[in-house]
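# Chains, contacts and geometry: an overview
Each chain, letter by letter, is given below.
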Amino acid sequence: MAYKISDDCISCGACESECPNGAIKEGDTSFVIDPAKCTECVGSFSESKCAETCPVGAPGPDESRKETKEQLVKKWQAMNPGKTPK
Ligand code: SF4
Ligand code: SF4
């Protein structure tokens, strides 16, 4: 499932450059994750980079957007044609 950023976000910007999919951008009141691009870091890393990086624990799984590992790999492959997921 895609991750989302909670209201706890202090807009430090640390997570933006850590996302392997370029899914994180600055929003009006907090940074936001584009669910169409977030793969939970599947394809790139074994852990969620935004959650690992955030000093206040704002990113977390969005339970309303459940996806299987297979779906996340397919999403990653669509953004990285011809490449092999890690
Ligand atoms: S979980 Fe990974 S892919 Fe999703 S927004 Fe965070 S850093 Fe990006
Ligand atoms: S690292 Fe955490 S506090 Fe900083 S912008 Fe990202 S979600 Fe917000």
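To keep things clear, this report deals only with the structure shown in the data block. (Residues numbered from 1 in each chain as written. Chains lettered and ligands numbered in written order. Predicted model: local features only at pLDDT ≥ 70, side-chain atom pairs only at ≥ 80, totals over all residues. Heavy atoms only, no water.)

### As for the overall build of the protein chain
As a reminder, the rule being used: Counting from the N terminus, the helices are the DSSP runs of H or I reaching at least four residues and the strands are the DSSP runs of E reaching at least two. The globule rule is 2.2 Å times the number of residues to the power 0.38, and the radius of gyration it is compared with is taken over C-alpha atoms. Throughout this description, buried means an accessible area under 20% of the type-specific maximum (1.4 Å probe, protein chains only), exposed means over 50%, and partly exposed covers the range between. Note on contacts: a residue pair is in contact if any heavy atoms of the two residues lie within 4.5 Å. Accessible surface area values rest on a Shrake-Rupley calculation with a 1.4 Å probe, where residue burial reflects the displayed protein chains alone. Note on charges: Lys and Arg go in the positive column, Asp and Glu in the negative column, and His and the chain ends are not counted at all. Charge positions are represented by NZ for Lys, CZ for Arg, CG for Asp and CD for Glu.
Looking only at helices and strands, the protein chain features two helices and four strands. Over its C-alpha trace the protein chain gives a radius of gyration of 12 Å, about what one expects of a compact globule, namely 12 Å for 86 residues. Judged by the C-alpha coordinates and their principal axes, the protein chain covers about 35 × 25 × 20 Å. With 86 residues in all, the protein chain has 36% of them scored as buried. Contacts in the protein chain between residues at least 24 apart in sequence constitute 64% of all its contacts with a sequence separation of at least 6. Of the roughly 5,300 Å² of accessible surface on the protein chain, 48% is carried by carbon and sulfur atoms. A distance of 8 Å separates the average location of the 11 positive side-chain charges in the protein chain from that of its 14 negative side-chain charges.

### So, the site of ligand 2
Just so we agree on the cut-off: When at least one non-hydrogen atom of a residue lies within 4 Å of a molecule or strand, that residue is treated as near it. Following the grouping adopted for this structure description, the nonpolar residues are Ala, Val, Leu, Ile, Met, Phe, Trp, Tyr, Cys and Pro, the charged ones are Asp, Glu, Lys and Arg, and the polar ones are all others, Gly among them.
Taken together, Ile5, Cys9, Ile10, Ser11, Cys12, Gly13, Cys15, Phe31, Cys54, Pro55, Val56 and Ala58 form the complete shell of residues around ligand 2. Considered class by class, the residues forming the shell around ligand 2 number ten nonpolar, two polar and no charged.

### Looking at the nonpolar core
How we decide: The criterion is simple. A nonpolar core is a set of buried Ala, Val, Leu, Ile, Met, Phe, Trp, Tyr and Cys residues joined through side-chain atoms within 4.5 Å.
Of all hydrophobic cores here, the largest spans 14 residues; its most connected members are Ile5, Ile24, Ile33 and Cys50. Setting aside residues up to four positions removed in sequence, isoleucine 5 forms contacts with Cys15, Ile24, Phe31, Val32, Ile33, Ala58 and Pro59.

### Overview of the side chain of serine 48
The topology assignment puts serine 48 in the loop between β3 (31-33) and α1 (49-53). Classification of serine 48 as buried rests on a relative accessible area of 10%. Other than its neighbours up to four places away in sequence, serine 48 contacts Tyr3, Glu40 and Cys41.

### Points about the site of ligand 1
The environment of ligand 1 is formed by 13 residues, the closest being Cys19, Cys38, Cys41, Ser48 and Cys50. Each residue belonging to the shell around ligand 1 can be placed in one class, and the counts come to eight nonpolar, three polar and two charged.

### Quick notes on the pattern of salt bridges
Keep this limit in mind: Just to be clear on terms, a salt bridge is a Lys or Arg side-chain nitrogen sitting within 4 Å of an Asp or Glu carboxyl oxygen.
Under the defined criterion, the tally for this structure stands at four salt bridges. Here lysine 49 and glutamate 52 are joined by a salt bridge, their closest N and O atoms 3.4 Å apart. Here glutamate 52 and lysine 49 lie together in helix α1, a separation of three residues that amounts to about one turn. Among the residues examined, lysine 49 registers a relative accessible area of 17% and is labelled buried. By relative accessible area, which is 51% here, glutamate 52 ends up exposed. Glutamate 67 is the partner of lysine 75 in a salt bridge, and the nearest nitrogen-oxygen pair spans 3.0 Å. Note on glutamate 67: relative accessible area 25%, which makes it partly exposed.

Structural measurements only, silent on function.
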